[in-house]
Amino acid sequence: MQGMDRKPFERTFDFMKQEYQKWEPTYKELSKYIDPERGFFDGQITNDPNVGIDYKILLNSTPTDSVQTLAAGMRGGLTSPALPWFRLGVSDPDLSEYQAVRMYLDDVQQILFDIYAKSNFYDVMYSLYEELGTFGTAAVIIEEDYKTTIRCRCFTAGEYYLGTGADGRVNSFARIIQMNALQMVRKFGIDNVSESVKTAYDNSTFTTMFSAYHLIEENDDRIEGRKDFKNMLYRSIYWEPGSTADTYLRIGGYQEFPIIAPRWDIVANDIYGKNNPGRRGLGDSRELQTAEEQYLIALDKVINPPVQKSSSTDMVNALPGGISTYGQTENQKIIPVYQISPPLQEIEQRISTIEGRIKAKFYTDIFLMLQSTLDDPRKTATEIIELKQEKMQILGPVLERIFGEGLNPGMERTFNIANRVGRLPEPPKEIQGMELKIEYTSLLAMAQKASSITTIQQTATFVMSIAGAYPDVVDKFDADEAVDQIAEMNGTPPKVVRSDEDVAKIRQQKHQAQQAAAQMQALDQVANSAKTLSGADLGSNNALTALMGGGTQR
């Protein structure tokens, strides 16, 4: 496929690759000592069964267990498939009270939940959190899918390169894809591949692997108003390295950036994330494996020590119940070369201490508590923040970055795809053209908001405590607004909390009913009074006859 001048794209690709290579040595160490199943380096093929854990190095699985606990905890605490973890709203609080707006937002929210549930979104999010905890950076592409609306894929470290704009946001993505001739032809078409690929395909030589470069970046050549794929906001181009100049495997584009690439933390103008649990725990992980190896060596020497024997001894059988034979010379014994008494208990304690440090860096206690909260509905996010408030504050900036760099663009991408394929209803005229607001209601998000909920509850309790002595103080507390805010922070479904408009109508109806009841009560009292008067004895000397001028004159 002939196209634009390829040299600018090749320069961009090479620059992104060079920037990544500064980080690769650390990524290799993180894969080696933290999460060996993650990371592909030095041209490894992603489906290579030989890639994985090296049990000669990773003798203690605490680092891997810890990162998997973090990934499971983050998925359950941020994007749980079993619980609602977000809600949609509008920036204008008055509009959000309209019933039609509330119903539209609720319907769209349910459609998005359905899309995520039927796609592979939740499985991929687990992988994203595992990459984020291990390497500090994660990357997921969200593609359109005619069956499930979206289809996601998580890349691993070493498989991709990132680039950022002047604002520090990730806005470009590159990768090298390894495919055989059959895969190349099926993906790009026989007319677009190189002659070498065509030859391998024609000869059914499918063991040879070929490289394809893929670059996604902002489309600075787009013509405003044109709707074709060459004029989308982001260009997506594939080419074979070393192929004929200005030829491409495919030229396409995206309406929005399809990559979500959250970073644990960034320093200055860094492209990739830092300060993540894997990087902070790398030294401890190395020390742990060394301590574990030393412990096993010491234990092995105690149980199965090296021995010495005379030259006439035929054979040493060290198996249980084994018999060793030697000549008739006296004092021919098989004895240990040396005897040691290693401090095995002290080494075990040292290993336990290192394991504790690693678990602390991966916030294992918080994520295990989250899991227990999911298993026990009686526990709340408020309990989490009370018990682990200090660590929750440390996680706060990380969660905000995951929201801003991961979940927000991911949800916008999903919303736009669903809207383009006709999955979403028409919005009410009050909010047409208005940007929707995303609010996260997951367990971890609620734990961040729990302090605000507690403050409102404490204020309400205080007002009620002094209301007996100062009745007018209740006028200072807006109970309706308190209910709205707590419901919003708790992620209560909109259908459960009535709008201000509905509440006003209900209260008006109650007031009218109370007025009608009061009028009926007054009429009943008048009728009873009239009945009493009509039955009174006017002939006797009583107060009523005296009042009316009757009665006995004296």
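Structure shown above.
So, here's what we can say about the structure. Predicted, not measured: the structure shown is a model, and the values here were computed from it.

As for the sheet that holds strand S3 (residues 149–155)
Read across the sheet, three strands follow the order S3-S2-S9 without closing on themselves; strand pairing throughout is antiparallel. Strand pairing shows two members of the sheet lacking a second neighbour, S3 and strand S9 (259–260), which therefore form its edges. In terms of strand pairing, strand S2 (residues 139–145) meets S9 through two bridges, oriented antiparallel. Within the sheet, the bridge partner assigned to Ile 141 lies in S9 and is Ile 259. The sheet contacts of helix H5 (residues 121–135) involve S2, S3 and S9, and relative to S3 the element is tilted by about 25 degrees.

Overview of the packing of aromatic side chains
Note on aromatic pairs: each is described by the distance of the centres and the angle between the planes. Considering all chains together, one arrives at 28 aromatic pairs under this definition. When the ring of Tyr 160 is compared with that of Phe 173, the centres are 6.0 Å apart and the planes differ by 15 degrees; the resulting orientation is stacked. Here Phe 173 lies in strand S5 (residues 170–180) and Tyr 160 lies in strand S4 (residues 160–164), a separation of 13 residues in the sequence. The buried category is assigned to Phe 173, whose relative accessible area is 0%.

Describing the nonpolar core
Here is a general trend for soluble globular proteins: nonpolar side chains tend to be buried in one another's company. Tyr 27, Trp 85, Phe 86, Tyr 129, Phe 173 and Ile 259 are the most contacted members of the largest nonpolar core, which totals 99 residues. Beyond its immediate chain neighbours, meaning those up to four positions away, Phe 86 contacts Gln 109, Leu 112, Phe 113, Tyr 116, Met 411, Glu 439, Tyr 440 and Thr 441. Counting residues in hydrophobic clusters, the runner-up holds 13 residues, among them Met 179, Met 184, Val 197 and Ala 200.

Some points on a nonpolar patch on the surface
Taken together, the side chains of Val 302, Ile 303 and Ile 340 make up a nonpolar region of the molecular surface, amounting to roughly 270 Å² of accessible area. By secondary structure assignment, the location of Val 302 is in helix H9 (residues 282–303).

Re the environment of Ile 271
Structurally, Ile 271 can be placed in the loop between S9 and helix H8 (277–280). For the pair formed by Ile 271 and Tyr 20, sequence separation is 251 residues and the distance between their alpha carbons is 8.6 Å. Residues in contact with Ile 271, not counting those within four places in the same chain, are Glu 19, Leu 162, Gly 163, Thr 164 and Arg 263.

With respect to the pattern of salt bridges
Oppositely charged side chains can pair when the atoms bearing their charge come close. Under the counting rule described, the total for this entry stands at 26 salt bridges. One salt bridge connects Lys 28 with Glu 24, and the closest N-O pair in it is separated by 3.9 Å. In this pair, Lys 28 and Glu 24 both sit in helix H2 (residues 24–33), four residues apart, roughly one turn of the helix. Owing to a relative accessible area of 31%, Lys 28 belongs among the partly exposed residues under this scheme. For Glu 29, the salt bridge identified is with Arg 286, shortest N-O distance 3.0 Å. Of the two residues, Glu 29 is situated in helix H2 and Arg 286 in helix H9; the sequence distance between them amounts to 257 residues. Since its relative accessible area comes to 23%, Glu 29 is described here as partly exposed. The exposure class assigned to Arg 286 is partly exposed, which follows from its relative accessible area of 34%.

Re the environment of Glu 144
Among the secondary structure elements, Glu 144 is positioned in strand S2. In sequence terms Glu 144 and Arg 413 are 269 residues apart; their C-alpha atoms lie 9.6 Å from each other. In contact with Glu 144, other than residues within four places in its own chain, are Thr 149, Arg 413, Ile 417 and Arg 420. A polar side-chain atom of Glu 144 sits 3.5 Å from a polar atom in the side chain of Arg 420.

Section: the packing of helix H3 (residues 62–78) against helix H10 (residues 344–361)
Describing two packed helices takes the angle between their axes plus the distance from one axis to the other. Running from amino to carboxyl end, H3 crosses H10 at an angle of 25 degrees, the nearest separation of the two axes being 9 Å. Viewed along their axes, H3 and H10 adopt a mutual orientation that is roughly parallel. Two packed elements cross with a definite hand, and for H3 against H10 that hand is right-handed. Residue-level inspection shows Thr 62, Pro 63 and Ser 66 of H3 in contact with H10, the latter providing Glu 355, Ile 358 and Lys 359. For the contact of H3 with H10, the residue count by class is two nonpolar, two polar and two charged.

A word on the packing of helix H6 (residues 181–188) against helix H7 (residues 195–202)
In the contact formed by H6 and H7, the axes pass within 8 Å of each other and the chain directions differ by 115 degrees. Between H6 and H7, the crossing angle belongs to the class labelled roughly perpendicular. The two elements H6 and H7 meet at a crossing, and its hand is left-handed. Together, Ala 181, Leu 182, Met 184 and Val 185 of H6 and Val 197, Ala 200 and Tyr 201 of H7 make up the contact between the two elements. In terms of residue class, the contact of H6 with H7 is made up of seven nonpolar, no polar and no charged.

Describing H2
Residues spaced three or four apart along an α-helix face the same direction, because each turn holds 3.6 residues. Taken residue by residue, H2 has Glu 24, Tyr 27, Leu 30, Ser 31 and Tyr 33 as its buried positions. Buried residues belonging to H2 abut helix H1 (7–21), H3, H5, H8 and H9.

A closer look at the side chain of Asn 219
Looking at the secondary structure, you find Asn 219 in the loop between strand S6 (209–218) and strand S7 (234–239). A polar atom in the side chain of Asn 219 sits 3.0 Å from the backbone oxygen of Met 232. Residue contacts for Asn 219: discarding those within four places in its chain leaves Lys 230, Asn 231, Met 232, Leu 233, Tyr 234 and Arg 235.

Quick word on the sheet that holds S7
With antiparallel pairing, five strands are arranged side by side in an open sheet as S4-S5-S6-S7-S8. Whereas interior strands pair on both sides, the edge strands pair on one side only; in this sheet they are S4 and strand S8 (250–254). Direction aside, neighbouring strands of the sheet carry axes that sit 20 degrees apart on average. Where S5 and S6 come together, eight bridges link them in antiparallel fashion. Across the sheet, residue Asn 180 finds its bridge partner in S6, namely Met 209. The strands that H6 touches are S5, S6, S7 and S8; relative to S5, the one it contacts most, it runs at about 130 degrees.

Conventions used here
- Residues numbered from 1 in each chain as written.
- Predicted model: local features only at pLDDT ≥ 70, side-chain atom pairs only at ≥ 80, totals over all residues.
- Heavy atoms only, no water.
- Pairing = 2+ DSSP bridges.
- Helix = DSSP H or I, 4+ residues; strand = E, 2+ residues; numbered from the N terminus.
- Contact = heavy atoms within 4.5 Å.
- Axes fitted to C-alpha atoms, helices over the stretch in contact; angles between N-to-C directions.
- Phe/Tyr/Trp six-rings, centres within 6.5 Å; stacked < 30°, edge-to-face > 60°.
- Buried < 20%, exposed > 50% of the residue type's maximum accessible area, 1.4 Å probe, protein only.
- Core = buried A, V, L, I, M, F, W, Y, C linked by side-chain atoms within 4.5 Å.
- Patch = residues over 30% accessible without salt bridge, like charges linked within 9 Å, V, L, I, M, F, W, Y side chains within 5 Å.
- Areas by Shrake-Rupley, 256 points an atom, 1.4 Å probe, with all protein chains shown as cover.
- Salt bridge = Lys/Arg side-chain N within 4 Å of Asp/Glu carboxyl O.
- Polar contact = N/O pair within 3.5 Å; in protein donor to acceptor, adjacent residues only side chain to side chain.
- Parallel < 35°, antiparallel > 145°, perpendicular 65-115°, else oblique.
- Left-handed = near helix turned anticlockwise from the far one by under 90°.
- Nonpolar A, V, L, I, M, F, W, Y, C, P; charged D, E, K, R; others polar.

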